[in-house]
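Read off the chains here:
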Amino acid sequence: MKKVEIFLLSALLVLTLTCFSSAQEPEPQEQEQKLFNAVSISPGLGFEYFSRTIGWDDDEYTSKLKSLFLTLDAEVELQRGIYVRAVLGFSSSSYEALVFRELPVSVQLPEDYIKGFILGAEVRKKLIHSESLRVDAFGQFYYCYGIKKEWEVPDLTVEGTVEGRPTWMRAPVGLIFTYTGYETFFPYINLNFNKLWGKFNMDEIIQDLTGREEKKISGESSFCISLGFTFKLTESISFKSEASFMPYKEGTDFGILVKAIYSLD
């Protein structure tokens with residue numbers, strides 16, 4: 001992803017949250033009440049799986065990125081309906097059929113899962129909250145740092161190895177529409193612009209021959225629609241489930257998420 005695209009994405013998030021924050025100024029009495037309310041903290045344990053089509057070699061070729069996440073997060077509610085969430089977790093990702101042609105010997109990445117770490121953050125702002133509808137604006141950023149993995153180069157008469165490490169980012173920005181007419185069940189629709197980009201570095205050693213190739217990757221889909229619900233089991237424990245669909249010109253990518261949340265109000 002180009003630097004200008006990153007800048008525009010960041011500017012869009014800041015502008016959206018700033019505009020809605022200014023439009024939703026609370027009454028003086030509400031401000032005074034907020035000052036004396038305890039800050040809400042909600043830790044959560046989540047599992048996510050998604051399959052996304054990625055383009056590489058200037059989008060001349062495509063393949064699938066399949067990822068499993070196991071995450072721990074904590075969401076803090078600040079004043080005026082602003083929520084900040086930090087995420088830490090583990091990932092296991094498969095990068096199917098990436099081909100590295102600029103190495104001493106061309107190799108295709110095996111269909112193998114590479115472990116890694118997840119760091120993330122989210123900012124969410126409540127825009128509307130009535131008896132039956134809640135609308136939130138949000139921006140999220142995930143960074144996946146893969147652990148180096150080594151494979152043998154096949155079909156050689158001498159010993160040779162390749163070592164790969166992926167890193168990629170995911171940044172959705174959008175709106176969440178939640179129906180709040182029920183007491184314990186809250187279905188929602190999440191519409192967002194969802195960008196994924198990154199790189200895969202591959203190093204090859206075959207006796208005295210060495211080489212490195214960097215493969216840039218980017219998600220073919222950019223728009224995402226998610227259908228989900230939050231179910232309140234008790235006053236403190238909630239369960240969240242979500243299915244995501246990301247259309248692009250040749251098909252639709254998908255993802256699922258399940259999460260348990262404990263509220264420390």
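Because the structure is predicted, anything quoted here is derived from the model rather than measured.

Provide a residue-level description of the pattern of salt bridges, including the pertinent values.
This structure, assessed with the given rule, holds 18 salt bridges. Ionic pairing is found between Glu163 and Lys148, a salt bridge with its closest N-O pair at 3.7 Å. Taken together, the residues Glu163 in strand β9 (residues 160-179) and Lys148 in the loop between β7 (133-146) and β8 (149-152) connect sequence positions 15 residues apart. We classify Glu163 as partly exposed; its relative accessible area is 28%.

Describe the nonpolar core, and please don't skip the residues or the numbers.
For soluble globular proteins, the rule of thumb is that nonpolar side chains tend to be buried together. Of all hydrophobic cores here, the largest spans 25 residues; its most connected members are Tyr95, Leu98, Phe100, Leu109, Trp168, Phe200 and Met202. Within the residue set of this core, elements represented by two or more residues are β1 (40-56), β2 (61-77), β3 (82-95), β4 (99-100), β6 (113-129), β7, β9 and β10 (185-206).

Can you break down the side chain of Arg52 residue by residue, with the values?
Mapped onto the elements, Arg52 comes out in strand β1. At 2.8 Å, the side chain of Arg52 forms a polar contact with the backbone oxygen of Ser221. When residues no more than four places from it in sequence are discounted, the contact partners of Arg52 are Ser63, Lys64, Leu65, Arg170, Asn194, Leu196, Ser221, Met246 and Asp253.

Residues and numbers for the environment of Ser51, please.
Position of Ser51 among the secondary structure elements: in strand β1. A relative accessible area of 5% means that Ser51 is categorised as buried. Along the sequence, Ser51 and Phe254 sit 203 residues apart, while their C-alpha atoms lie 5.8 Å from each other. Excluding anything up to four places from it in sequence, Ser51 contacts Lys64, Leu65, Lys66, Asp253 and Phe254.

Summarise the pairing of β9; cite the residues concerned and give the values.
Counting buried positions along β9 yields 15 of 20 residues, so the element is predominantly enclosed. Pairing analysis gives 4 bridges linking β8 to β9, with the strands arranged antiparallel. Across the sheet, the residue bridging to Glu150 is Glu163, located in β9. Bridge analysis of β9 against β10 gives 19 bridges, and the strand direction is antiparallel.

Talk me through the environment of Thr62; I want residue IDs and the actual numbers.
Relative to the assigned elements, Thr62 resides in strand β2. Take Thr62: its relative accessible area is 43%, and that puts it in the partly exposed class. Considered as a pair, Thr62 and Ala97 are 35 residues apart in the sequence and their alpha carbons are 8.6 Å apart. For Thr62, the contacting residues outside a window of four places in its chain are Thr53, Ile54, Gly55, Trp56 and Glu220.

Explain the packing of aromatic side chains residue by residue, including any values.
Using the criterion set out here, one finds 15 aromatic pairs in the structure. Ring geometry for Phe50 against Phe69: centres 5.6 Å apart, planes inclined by 80°, an arrangement best described as edge-to-face. Within this pair, whereas Phe50 is found in strand β1, its partner Phe69 is found in strand β2, the two being separated by 19 residues in sequence. For the pair Phe229 and Phe239, a centre-to-centre distance of 6.4 Å together with 50° between the ring planes defines the contact as tilted.

Go over the environment of Asp58 with me, naming the residues and quoting the values.
On the secondary structure map, Asp58 appears in the loop between β1 and β2. Taking the relative accessible area as the measure of exposure, Asp58 reaches 82% and is therefore exposed. Residues Asp58 and Ile217 lie 159 residues apart in sequence; the distance between their C-alpha atoms is 8.5 Å.

Outline unusual backbone geometry, listing residues and values.
Residue Asp57 is not a glycine yet carries a positive backbone phi of 55°. Relative to the helices and strands, Asp57 resides in the loop between β1 and β2.

How would you summarise the confidence of the model for the chain if you had to cite specific residues and measurements?
Any region with low pLDDT has predicted coordinates that should not be read closely. Summarising the model, the chain shows a mean pLDDT of 87, and 85% of its residues fall at 70 or more. Scored below 50 in pLDDT, residues 1-8 shows 5 contacts in the model against residues more than four places distant or in partner chains. Here residues 11-38 is modelled with pLDDT under 50, and outside its nearest four sequence neighbours on either side it reaches 20 contacts, counting other chains as well.

Quick rundown of the side chain of Ser221? Include the residues and the values.
Within the secondary structure, Ser221 is located in the loop between β11 (209-219) and β12 (223-232). With relative accessibility at 0%, the residue Ser221 sits in the buried group. Of note is the side chain of Ser221, whose polar atom sits 3.3 Å from the side chain of Asp253. Contacts of Ser221, omitting those with residues within four sequence positions, involve Arg52, Asn194, Met246, Pro247, Tyr248 and Asp253.

The rules behind these values
Residues numbered from 1 in each chain as written. Predicted model: local features only at pLDDT ≥ 70, side-chain atom pairs only at ≥ 80, totals over all residues. Heavy atoms only, no water. Salt bridge = Lys/Arg side-chain N within 4 Å of Asp/Glu carboxyl O. Helix = DSSP H or I, 4+ residues; strand = E, 2+ residues; numbered from the N terminus. Buried < 20%, exposed > 50% of the residue type's maximum accessible area, 1.4 Å probe, protein only. Core = buried A, V, L, I, M, F, W, Y, C linked by side-chain atoms within 4.5 Å. Polar contact = N/O pair within 3.5 Å; in protein donor to acceptor, adjacent residues only side chain to side chain. Contact = heavy atoms within 4.5 Å. Pairing = 2+ DSSP bridges. Phe/Tyr/Trp six-rings, centres within 6.5 Å; stacked < 30°, edge-to-face > 60°. pLDDT = per-residue confidence, 0-100.

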